[in-house]
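The residues making up each chain are set out below.
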Amino acid sequence: MIQPGDEPIPGYRVEQLLGRGQYGEVWRASSPGRSQVALKFLDLRGRAGWKEFRATQRVKQIRHANLLPIVALWLVAEGGHVLTDDDIDRLGRTDPSEDETLLPGETEGPQPTRLVIATPLADGSLRDRLNAAKAEAKGKAAGGLPVDELIRYMDEAAKGLDHLNAIGGTRASGAGARTATDSAVGVQHCDIKPDNLMLTGGSVQIGDFGVAQFFADDGAVRATSLSGSPAYMSPEAFESSPEAASDQYSLAITYHELRTGRLPFAAKDFASVYDAHRSGTLDFAGLTPAEEAVLRHATRRDPAKRFASAGQFAAALREAVHGKPRRRASFVATFAVAAVLLAAAGGVFYATQYGKTAPEPLEQLNLTLRLPRPGHKVTVNGAEHTADANREIVIQSPAASPLLVRSTGDADYQATEWTFSPEELEDGGELTLEATPTAANYGRRFEAALAAERFDEAIENLAEAARLAPDRFARLPPPRARESAGVLWDTCVSVTNEEFVAGGRDGVVRRWEVNNGGLSPEPLELHVHRGASILALARSGEWYASACDRGAVWISRGERLQPIVPPRDFGDTAVALVGPDRWLVVAEARDLQTTVKAWRLDGRAKPVTLGVQPGEFPRMVAGADGTLLLATRDEQAVVWRWTLDPPSHQPIAEPDGEVLAMAATPDGKTAAYAGSLDPGSDGRWAAVVRLPGGKRVPVAGVQADSILALALSDDGEALITAERGDVREGQGGVRIWTASDDGQSLVNDLGFLFDAVSGDATAVALSSDSQWIAAGHATGAVSVWWNGASDDRPITLAGGTDRVAAVRITPDSRWLVALGRDGRLTLLDLRRLGVVLKACQKAGVDPRPADESAA
């Protein structure tokens, strides 16, 4: 182990550890001449160190102002023995076309275990410069480096890359380049990134040639494995086939990160990063359109369509930032020389006549400054200016003077200062000044993008607002509360993208329109059962059916209301609208048995009796082709499969306990049932049934307590169950069940508990895109779980005073509606909630609870 004060190489004393990586360490050291150097120590007991040895051997003789020179390199054997040049020569070939890596033990003589590379000690890397710029911003959204400074760095890095690429000749890659037969390409660095662009005396030098690749005379690269850092690698580099424009691609990615402070993609895992590069879906947000166009060109999927050289790429960037430089004809230069001579002659005349030297006239530059928005106020070298309707101000500036532009900031943009040197101003033209928007500005952009359904843009702007003002913008959207009559069961609710229908405890069936604002302010009353409570509700097309606890069943189509079953002395009643021919099916429970009847909705009033089965308290869901799943209970529940034409039924199962919940997919081809868990039962009877075939798929796990509600995914492949919380001391649970590998059972993929404040999970819903799960609780609270979250903690919203009886999500996954027995109706915008969660994830901040005052 290396320690400060050691001399691992004679005459080189290490002083301070600068960094440690997967394969080695970098130390600051003093050399025999007492100059400061960086010593890089690499372990040679694997292939990585030997690859760097081969690459370093090949490039150590290359010299250029923008390449970090290699002072020396050594191979060190066990015991600290430094190998001689003869020892190194015996290690194998160093031919540039070599594609093999020699490992220790393959030759005679001392076996090296460590590679040591000495380079001049740089002032730091562009990564260090970027981190310093962020620290100076003190947490504000400062982006990256000042653009003029960065353009200079890009010019210097491009010169170094073009020199590397030209070693031994040039090879075609990029628009307008020569053909591959002209001559051979030299070196591709293959790991251009901010960490390897070193600052020395304010200039950039490219360092770390450990994964450099070399092109042979036929123009083919000799790469045997994936090399480089995935975040910056070109698509062809991922395929171990770097081209002559691959470093240009990496330099473009580096520019974006140094310019904006972030990489052009949000992905972090290797597969997602690779896909972003391969598909070209790079996000260059934060750049001007001109800059983005340059980066899009430099990161083309086809290397032959990129710029002909890194220098051309850097020149295009400079033009994008500063505008196209003025081109002067040759006679202008001649005229300028003549003007100088005349001025000199005039000076002699002036001195002859007045005894003085004539003063040189100071050239004035005409500059157009483009500001962030019309009316933007700035001071230019102390003088106040206001941008016109075109966002511009036109000023004159002395050619030899710097330009200082200050904006004091306002509600839209933060206070900003821009400084331009005389060299940067050159001979006038147009400068675009970019200021950092305020959190409020980003917030307004977010709202506009969300309203226009530009969701990626909305997420980007809200993320910026959340970074700047998390307490204000990293907020969960508040639920909207409405008062209603309340419902008894989840069988009393129906929802589509256009309407929400609920049968109230007061006997009224109400219909709300669903719109961008949520629900219409006032509902339309469809059915009114005087002095009763609604027990069940069914909807199909324009038809609505409802049943009340007095035994009456009503049906309506449009404005036409028709009582089908008059009030009678029935117990519980279930209704369904079934099949393509429109049947109304009613299950009437009385005297410990349930009678199932059906009416054709074609005007014929007489019912068809389908059958009678034992048990009361029926639960019923409809299939797509007229099949039904019906469950009743007395001492032991029975689940039946019914068909209408011809009328028939058969038992599917006899579960150990009451059937408390049933659900069906939108197409009616799959249904599910579950319920109470009796003492002594094995807890394995919740199941999914494929209709119309009647195949039953039971759960393979054990439910902890009675299932009070359930939901099915649209494809019928996932079951969501909501459990009572008695055995968990007040904690209710939600579980997700999916088909096993053999398709014969359902297995518990994921589950999460709710604390005692939320209590039993009494209602549950799953969105059609399977991104949202919502649960209602006995306390009136509503919990929401997002499938894109990094953990399984749900968001719990404050509730009312009584049990949540029903939870529904509109088929477009836009709105969540929860209805309690006490009449509290809770409405939540899931689209906004999803954008907020993704923006907070992108910004790296935790979302704050909803601001209830904004409801």
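Presented here is an overview of the structure given in this document. (Residues numbered from 1 in each chain as written. Predicted model: local features only at pLDDT ≥ 70, side-chain atom pairs only at ≥ 80, totals over all residues. Heavy atoms only, no water.)

Observations concerning the overall build of the protein chain
Okay, step 1: Counting its regular elements, the protein chain contains 15 helices and 50 strands.
Okay, step 2: Burial analysis of the protein chain (855 residues in total) assigns 51% to the buried set.
Okay, step 3: Intrachain contacts of the protein chain at a sequence separation of at least 6 include 52% that bridge at least 24 residues.
Okay, step 4: Carbon and sulfur atoms make up 49% of the accessible area of the protein chain, which amounts to about 38,900 Å² in all. (Helix = DSSP H or I, 4+ residues; strand = E, 2+ residues; numbered from the N terminus. Buried < 20%, exposed > 50% of the residue type's maximum accessible area, 1.4 Å probe, protein only. Contact = heavy atoms within 4.5 Å. Areas by Shrake-Rupley, 256 points an atom, 1.4 Å probe, with all protein chains shown as cover.)

Thoughts on the pattern of salt bridges
Okay, step 1: Counted by the stated rule, this structure contains 35 salt bridges.
Okay, step 2: Its salt-bridge partner being Lys-842, residue Glu-460 comes within 3.5 Å of it at the nearest N-O pair. One end of the pair, Glu-460, is in helix H13 (residues 455-468); the other, Lys-842, is in helix H15 (residues 830-843), with 382 residues separating them in the sequence.
Okay, step 3: Here Glu-499 and Arg-539 are joined by a salt bridge, their closest N and O atoms 2.3 Å apart. Placement of Glu-499 in strand S20 (residues 499-503) and of Arg-539 in strand S24 (residues 534-540) is noted, with a sequence separation of 40 residues between them. (Salt bridge = Lys/Arg side-chain N within 4 Å of Asp/Glu carboxyl O.)

Let's talk about the nonpolar core
Okay, step 1: Membership of the largest hydrophobic core comes to 59 residues, with the highest contact counts inside it found for Leu-115, Leu-197, Leu-251, Tyr-255, Leu-295, Phe-313 and Leu-317.
Okay, step 2: In terms of residue count, the dominant contributor to this core is helix H4 (residues 147-165) (nine residues).
Okay, step 3: Those residues in contact with Phe-313 that sit more than four places away from it in its chain are Gln-248, Leu-251, Ala-252, Val-294, Leu-295, Ala-298 and Phe-307.
Okay, step 4: Counting residues in each nonpolar core, the second largest holds 39 residues, with Ile-459, Ala-466, Ala-474 and Val-784 among its members. (Core = buried A, V, L, I, M, F, W, Y, C linked by side-chain atoms within 4.5 Å.)

Description of helix H3 (residues 126-136)
Okay, step 1: When H3 is considered as a whole, its buried residues turn out to be Leu-126, Arg-127, Arg-129, Leu-130 and Ala-133. Summarising the axial view, the buried residues of H3 lie within an arc of 160 degrees, below the 170-degree limit, and thus occupy one face. Turned more than 90 degrees off the buried face of H3, the exposed positions are Ala-135 and Glu-136. (Arc of directions from axis to C-beta.)

Quick word on the sheet that holds strand S44 (residues 761-766)
Okay, step 1: Read from one edge to the other, the open sheet built from four strands follows the order S44-S45-S46-S47, with strand pairing classed as antiparallel. What marks the edges here is a single partner per strand, and that holds for S44 and strand S47 (795-797). Looking at each pair of strands side by side, their axes are set apart by 20 degrees on average, direction ignored.
Okay, step 2: Note that strand S46 (residues 782-786) and S47 share three bridges and pair antiparallel. Paired with Val-784 across the bridge in S47 is Ile-795.
Okay, step 3: Here H15 sits on the sheet and contacts strand S45 (772-777), S46 and S47; the angle it forms with S46, its principal contact strand, is near 55 degrees. (Pairing = 2+ DSSP bridges. Axes fitted to C-alpha atoms, helices over the stretch in contact; angles between N-to-C directions.)

Some details on the packing of aromatic side chains
Okay, step 1: Under the counting rule described, the total for this entry stands at five aromatic pairs.
Okay, step 2: Their ring planes at 65 degrees and their centres at 5.1 Å tell us that Tyr-12 and Trp-74 sit as a pair that is edge-to-face. Note that Tyr-12 is positioned in the segment before strand S1 (13-20) and Trp-74 in strand S4 (residues 72-77), a separation of 62 residues in sequence. Comparing Tyr-12 with Trp-74, the two get one shared label, buried.
Okay, step 3: Between the aromatic rings of Phe-307 and Phe-313, the centroid separation amounts to 6.0 Å while the plane-to-plane angle is 45 degrees, which identifies the pairing as tilted.
Okay, step 4: Stacked on the ring of Trp-489, the Lys or Arg Arg-821 has its end atom at 4.6 Å from the ring centre. (Phe/Tyr/Trp six-rings, centres within 6.5 Å; stacked < 30°, edge-to-face > 60°. Lys NZ or Arg CZ within 6 Å of the ring centre and 35° of its normal.)

Observations concerning the side chain of Glu-156
Okay, step 1: With respect to the helices, strands and loops of the structure, Glu-156 is situated in helix H4.
Okay, step 2: The side chain of Glu-156 is buried and forms no salt bridge, while Arg-152, the nearest opposite charge, is found at 4.1 Å.
Okay, step 3: Within polar-contact distance, the side chain of Glu-156 engages the backbone nitrogen of Val-204 at 2.8 Å. (Lys, Arg positive; Asp, Glu negative; His and termini not counted. Polar contact = N/O pair within 3.5 Å; in protein donor to acceptor, adjacent residues only side chain to side chain.)

Re the environment of Ala-778
Okay, step 1: For Ala-778, the position within the fold is in the loop between S45 and S46.
Okay, step 2: Accessibility expressed as a relative area gives 33% for Ala-778, which makes it partly exposed.

Topic: the environment of Glu-291
Okay, step 1: Take Glu-291: it is sitting in helix H8 (residues 289-298).
Okay, step 2: Under the relative-accessibility criterion, Glu-291 is labelled buried at 1%.
Okay, step 3: Along the chain, Glu-291 and Val-321 lie 30 residues apart, while their C-alpha atoms are 6.8 Å from each other.
Okay, step 4: Contact partners of Glu-291, with chain neighbours within four places excluded, come to Val-147, Tyr-255, Arg-259, Ala-320, Val-321 and Glu-434.
Okay, step 5: Among the polar contacts listed, one links the side chain of Glu-291 to the side chain of Thr-288, at a separation of 3.0 Å.

Let's talk about the sheet that holds strand S15 (residues 403-407)
Okay, step 1: Taking strand neighbours across the sheet as the criterion, the four strands line up as S13-S12-S15-S16 in an open arrangement whose pairing is antiparallel. Looking at strand neighbours, the two that pair on one side only are strand S13 (383-386) and strand S16 (416-420), the edges of this open sheet. Each adjacent strand pair in this sheet contributes to an overall mean axis angle of 25 degrees, direction not counted.
Okay, step 2: One ladder, built from five bridges, connects S15 with S16; its direction is antiparallel. Bridging from a neighbouring strand, Leu-403 pairs with Phe-420 of S16.

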